[in-house]
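Survey of secondary and tertiary structure
This is what each chain is made of:
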Amino acid sequence: MTGSIILAGLGLAALGFGGRALLRQMPNAASKMQEAIQSLPKFDAESMANSKYYRGGFDPKMNKREAALILGVSPSASKLKIKDAHKRIMLLNHPDRGGSPYLAAKINEAKDFMDNSK
C-alpha cells in the first residue's frame, strides 16, 4: 500500500516537472513555429504556371504536341530519340513495376503517333 502511494507521488512529481519544462519552452516553440511557417514555399498560381511540369489532363484525341510532351522530346525529334525516350519513360511507368496501366497506354499511344507522323 505504501509502495503504491510512493509510486503515485513520484509519477505526479515527474508530471509536474515535465509540465513546467514544457511551459518554459512554449515561447521558444511558438517563435520557431512562426519562423518555420514563414519559411515554407509559397504555392500560388504564378509559381505553378512557371513549373517544369505540364498542368492539365490529356486531350481527347492524341496530337503531335501532346505526344511530344508525354515523351519529353521535341515535336520534330528523330525516330531514334523517340525510341530512346519511350524506353526510358516506359521503364519508369511500366505496370509490372507498379506504374499505371493508363499512363503506359498513353505513353505507347504517344510513341505510335510520333512514329506514324514521321
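The protein chain is annotated in an unreviewed UniProt entry as J domain-containing protein from Aedes albopictus. Comment text from UniProt for the protein chain, heading Subcellular location (unreviewed entry), reads "Mitochondrion inner membrane".

**Details of the overall build of the protein chain**
A tally of regular secondary structure across the protein chain gives five helices and zero strands. Counting from the amino terminus, helix and strand elements in the protein chain follow one another as α-α-α-α-α. Among the 118 residues that make up the protein chain, the fraction classed as buried is 16%. Contacts in the protein chain between residues at least 24 apart in sequence constitute 50% of all its contacts with a sequence separation of at least 6. As presented, the protein chain carries roughly 9400 Å² of accessible surface, and 63% of it is formed by carbon and sulfur atoms.

**Topic: helix 3 (residues 64–71)**
For an α-helix, 3.6 residues make a turn, and residues three or four places apart therefore share a direction. Along helix 3, the positions that sit buried rather than exposed are E66, A67, A68, I70 and L71. Among the structural elements, helix 4 (79–93) and helix 5 (101–117) are those in contact with the buried residues of helix 3. With a side-chain oxygen lying 3.3 Å from the backbone nitrogen of R65, the N-terminal cap of helix 3 falls on N63. Immediately downstream of helix 3, the backbone of G72 shows phi near 75°, a positive value.

**Considering the nonpolar core**
Within soluble globular proteins, side chains that are nonpolar generally end up buried alongside one another. Judged by nonpolar contacts, the single largest core of 15 residues is most densely connected at L71, V73, I82, I107, A110 and M114. For this core, the secondary structure elements donating two or more residues are helix 3, helix 4 and helix 5.

**Digging into a nonpolar patch on the surface**
A cluster of nonpolar side chains, I6, L7 and L10, forms an exposed patch at the surface whose accessible area comes to about 340 Å². Mapped onto the elements, I6 comes out in helix 1 (residues 2–39). Here I6 falls in the exposed class, since its relative accessible area comes to 53%.

**Examining the pattern of salt bridges**
Throughout the structure, instances matching the rule amount to two salt bridges. Note that K106 and E109 form a salt bridge whose closest N and O atoms lie 3.5 Å from each other. In this pair, K106 and E109 are both assigned in helix 5, three residues apart and thus about one turn of the helix distant. What makes E109 partly exposed here is its relative accessible area of 33%.

**Section: the packing of helix 4 against helix 5**
Contact geometry for helix 4 and helix 5: axes closest at 10 Å, N-to-C directions at 175°. On the basis of their axis angle, the class for helix 4 and helix 5 is roughly antiparallel. Residues K79, I82, H86, I89, M90 and N93 of helix 4 pack against L103, A104, I107, N108, K111, M114 and D115 of helix 5. Taken together, the residues of the contact of helix 4 with helix 5 sort by class into seven nonpolar, three polar and three charged.

**Digging into the packing of aromatic side chains**
Applying the stated rule across the entire model yields one aromatic pair. Where F58 meets Y102, the ring centres are 5.7 Å apart and the plane angle is 70°; that geometry is what we call edge-to-face. Linking F58 in the loop between helix 2 (45–49) and helix 3 with Y102 in helix 5, this pair joins segments that are 44 residues apart in sequence.

Scoring rules and cut-offs
Residues numbered from 1 in each chain as written. Predicted model: local features only at pLDDT ≥ 70, side-chain atom pairs only at ≥ 80, totals over all residues. Heavy atoms only, no water. UniProt positions renumbered as here; feature names shortened; annotations may be inferred. Helix = DSSP H or I, 4+ residues; strand = E, 2+ residues; numbered from the N terminus. Buried < 20%, exposed > 50% of the residue type's maximum accessible area, 1.4 Å probe, protein only. Contact = heavy atoms within 4.5 Å. Areas by Shrake-Rupley, 256 points an atom, 1.4 Å probe, with all protein chains shown as cover. Polar contact = N/O pair within 3.5 Å; in protein donor to acceptor, adjacent residues only side chain to side chain. Core = buried A, V, L, I, M, F, W, Y, C linked by side-chain atoms within 4.5 Å. Patch = residues over 30% accessible without salt bridge, like charges linked within 9 Å, V, L, I, M, F, W, Y side chains within 5 Å. Salt bridge = Lys/Arg side-chain N within 4 Å of Asp/Glu carboxyl O. Axes fitted to C-alpha atoms, helices over the stretch in contact; angles between N-to-C directions. Parallel < 35°, antiparallel > 145°, perpendicular 65-115°, else oblique. Nonpolar A, V, L, I, M, F, W, Y, C, P; charged D, E, K, R; others polar. Phe/Tyr/Trp six-rings, centres within 6.5 Å; stacked < 30°, edge-to-face > 60°.

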